[in-house]
Amino acid sequence: MPEFFTDVTGPIPYLGPDSNEPLSFRWYDKDRVVAGRRMEDHLRFAVCYWHSFNWDGFDIFGAGTLDRPWLAPGLDPMEAARAKQDAAFEFFAKLGVPFYCFHDVDMAPAGDTFAQSTANLNELVERAAGLQEQTGVGLLWGTANLFSHPRFAAGAATNPNPEMFARAAAQVCNILEATHRLGGENYVLWGGREGYETLLNTDLQREADQLARFMHLVVEHKHRIGFTGAILIEPKPFEPTKHQYDYDSATVHAFLQRYDLASEIKVNIEVNHATLAGHDFHHEIAYANAAGIFGSIDANAGDDRLGWDVDRFPVSVEQMTLGMYEILRGGGFTTGGLNFDAKLRRQSIDRSDLFHAHIAGMDTMARALLAASLLLEEGELEANREARYAGWDGALGRDIMNGSLDLPSLQKWAADGAPDPAPVSGRQEALENLVARAVERAR
Ligand code: XLS
Ligand code: NI
Ligand code: NI
């Protein structure tokens, strides 16, 4: 096959922090063991097919700018899809990532009929299986695009029309099976249009029930076909809809509990979706870990001055350190990983720009991993946290929590002359300094 990224030989080497070679890693050293695991196994990087290969740089104000010849109009769609696939796998291999992620329509063009779309998908999935074998790159997750086609304008599972639900379910059946065929480690559900534009025409109760029915169908089929990967929901508060049902991790968790799905579905947390929901990235991870539903990460970043989901590559070591810290505290990834759901700027039109973007993201995450593992290893944050709650291990704390004290007994406790409890410092600035020092020292 003809090479596409002719300026880059690859695989991108690790040359260390002092390297001035732009096409090298300065921090991501995949075989280096950190906290008992190879960096590659900790971080489990994935490249996403959609932003990197299925987007030509168009935005709401203007046409595509990027050099993606397979997206040109008038090509034979299957031939174009094969060229795209070859370029994608060439990129994965040259970059040196273990995984990729895709939507059905990123890889395979829609046909005139559902049957034709299925045949297209199956053919390209077979071809992807071959490329995976050749390159050693695996599938982190597959997903269905249930938001781009006009039929899904009013939602897929939550559509007022059951035929749209059926059509969406048929599509998910195909891509869930394809994900299984490709050895995918997870299957993701992002409800891009599962929400509403106005409550004036929306039946919230029905739509929640429909969404849950859809999830149950997915879970059932996963078990039927023997797919052992995790099913993940990706929370996002809004955009494209005004209000999305999978608002954030806590909302998803409540939904899963309400519909008896909490043991079957976890979350795929995206950095900038957390920001859009008004949370810190690490809040979403900490919440998901506490609730036992942490699955995977879409690594990207927003822009402080833009509300739109701009999907920048992550470049803030400090922000990512806090996220990696929560991931490590929770025991690290199992089936999940770090998927770069991130895109280039419209002016980054050189083919090699895609490498520079991913190198920045991977080095940022690798540094964050080093800083986070240093913090955990030194243990000061955890020691502080434990000391802060130490009272709960004493007699009073235990008796409150085991239910042996009711309100009147606590009233009596106070009335019997227990001294007014003295507040203690939360030490926030001191703790922030610990993080800053770990970021500085991590090597
Ligand atoms: C959009 C989402 C989407 C999912 C996959 O904001 O991040 O890209 O990750 O459908
Ligand atoms: Ni997103
Ligand atoms: Ni995403």
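Before reading on, note that the structure itself is shown above.
Keep in mind that this is a model prediction, so the values were computed, not measured.

> Looking at this structure, how should I read the site of ligand 1?
Of all residues adjacent to ligand 1, which total twelve residues, the nearest are His103, Glu234, Lys236, Glu270 and Asp341. Interatomic distance of 3.0 Å between a side-chain N/O atom of His273 and an oxygen atom of ligand 1. In isolation ligand 1 offers 290 Å² of accessible surface; the protein chains occlude 94% of this area. The pocket occupied by ligand 1, as judged from atoms lying within 2 Å of grid points, is the largest pocket. Partitioned by chemical class, the residues of the shell around ligand 1 number four nonpolar, two polar and six charged.

> Explain a negative patch on the surface here, please?
A surface patch of negative charge is lined by Glu318, Glu429, Glu432 and Glu440. The biggest single contributor to the negative patch is helix H16 (residues 428–441), with three residues. Counting through the fold element by element, Glu318 comes out in helix H11 (residues 317–329).

> What's the story with the environment of Pro423 in this structure? I'm lost.
Looking at the element boundaries, Pro423 is found in the loop between helix H15 (407–415) and H16. For Pro423, a relative accessible area of 79% puts it in the exposed group. It is 35 Å that separates the C-alpha atoms of Pro423 and Ile269, two residues lying 154 residues apart in sequence.

> Would you take a moment to explain the coordination of the nickel ion (ligand 3) for this structure?
Between any two of four tetrahedral donors, the ideal angle at the metal is 109.5 degrees; between two of six octahedral donors, it is 90 or 180 degrees. Here the nickel ion (ligand 3) is held by Glu234 (OE), Glu270 (OE), Asp298 (OD) and Asp341 (OD), and the distances to it run 1.9 to 2.1 Å. Relative to the metal, the six donor atoms surrounding the nickel ion (ligand 3) lie at angles of 79 to 176 degrees, and the coordination shape comes out octahedral. Ordering the donors of the nickel ion (ligand 3) by residue number gives the pattern E-x35-E-x27-D-x42-D. Here the nickel ion (ligand 3) and the nickel ion (ligand 2) are spaced 3.7 Å apart, linked through Glu270, which binds each one. A residue pair is termed long-range when its members are at least 10 positions apart, and Glu234 in the loop between strand E8 (230–233) and strand E9 (243–244) and Asp341 in the loop between strand E12 (338–340) and helix H12 (353–378) qualify at 107 residues. Judged on exposure class, the residue Glu234 and its partner Asp341 are both buried.

> So what exactly am I meant to see when it comes to helix H10 (residues 281–291) here?
Each α-helix turn comprises 3.6 residues. Residues three or four places apart therefore point the same way. Restricting attention to buried positions, one finds in H10 the residues Phe281, Glu284, Ile285 and Ala288. Along H10, the residues classed as buried sweep out an arc of 95 degrees about the axis, all on the same side. Where the residues of H10 are buried, they touch helix H8 (249–258), strand E10 (265–270), helix H9 (271–276), strand E11 (294–298) and H11. Just downstream of H10, Gly292 is the residue with a positive phi angle, here 70 degrees.

> Just checking my understanding: could you explain the pairing of E8 for this structure?
Regular strands show a simple pattern: their side chains alternate between the two faces of the sheet. What you see with E8 is no split at all: Ala230 and Leu232 on one side and Ile231 and Ile233 on the other are buried throughout. Pairing geometry for strand E6 (residues 186–189) and E8, over four bridges, is parallel. Residue Tyr187 lies in a different strand from E8, and its bridge partner there is Ile231. Relative to E10, E8 runs parallel, the two sharing three bridges. Looking at E10, one finds that Ile233 is bridged to Val267.

Calculation criteria
- Throughout this description, residue numbers start from 1 for each chain and increase along the sequence as written.
- Throughout, the order in which chains and ligands are written sets their labels, letters from A for the former and numbers from 1 for the latter.
- Only residues with pLDDT of at least 70 get local features here, since the model is predicted, and only at 80 or more are side-chain atom pairs given and counted; chain-wide, interface and lining totals rely on the full set of residues.
- Side-chain descriptors were evaluated using all non-hydrogen atoms of the structure, hydrogens and water having been removed beforehand.
- Residues are counted as near a molecule or strand when any one of their heavy atoms sits within 4 Å of it.
- Any pair of nitrogen or oxygen atoms within 3.5 Å is treated as a polar contact; in protein, a donor-acceptor pairing is required on top of that, and neighbouring residues in sequence qualify only through side-chain atoms on both sides.
- Using the Shrake-Rupley algorithm and a 1.4 Å probe, accessible areas are obtained, with residue cover drawn only from the displayed protein chains.
- We place a 1 Å grid over just the protein atoms. Points where a 1.4 Å probe fits but has no way out form a cavity, open points with protein on both sides within 12 Å along at least 5 of 7 lines form a pocket, and any residue with an atom within 4 Å of a point lines it.
- Whether a molecule lies in a cavity or pocket depends on its atoms, and more than half of them have to be within 2 Å of the grid points.
- Gly is placed with the polar residues, together with every amino acid not listed as nonpolar (Ala, Val, Leu, Ile, Met, Phe, Trp, Tyr, Cys and Pro) or charged (Asp, Glu, Lys and Arg).
- Only residues whose relative accessible area exceeds 30% and that take part in no salt bridge are eligible for patches, with like-charged residues grouped when within 9 Å of each other and nonpolar side chains (Val, Leu, Ile, Met, Phe, Trp, Tyr) grouped when within 5 Å.
- Here, a salt bridge means any side-chain nitrogen of Lys or Arg that lies within 4 Å of a carboxyl oxygen of Asp or Glu.
- Two residue types count as positive, namely Lys and Arg, and two as negative, namely Asp and Glu; His and chain ends fall outside the count.
- Where a charge lies is defined by one atom per residue type: Lys uses NZ, Arg uses CZ, Asp uses CG and Glu uses CD.
- Helical segments are the DSSP runs of H or I of at least four residues, strand segments are the runs of E of at least two, and each set is numbered from the N terminus.
- Each residue is placed in one exposure class: buried if its accessible area under a 1.4 Å probe, protein chains only, is under 20% of its type's maximum, exposed if it is over 50%, and partly exposed if it falls in between.
- Distances up to 2.8 Å from the metal define which N, O and S atoms are donors, and 3.2 Å serves for Na, K and Ca; water is absent from the atom set, so sites may look incomplete.
- By the criteria applied here, four donors are tetrahedral when all angles lie between 85 and 135 degrees, four are square planar and six octahedral when opposite donors are over 155 degrees apart and every other angle lies between 65 and 115, and any other arrangement is irregular.
- In this description, the arc belongs to the directions extending from the helix axis to the C-beta atoms.
- The criterion used for residue contact is that any of the two residues' heavy atoms lie within 4.5 Å.
- Two strands pair if DSSP finds at least two bridges between them.

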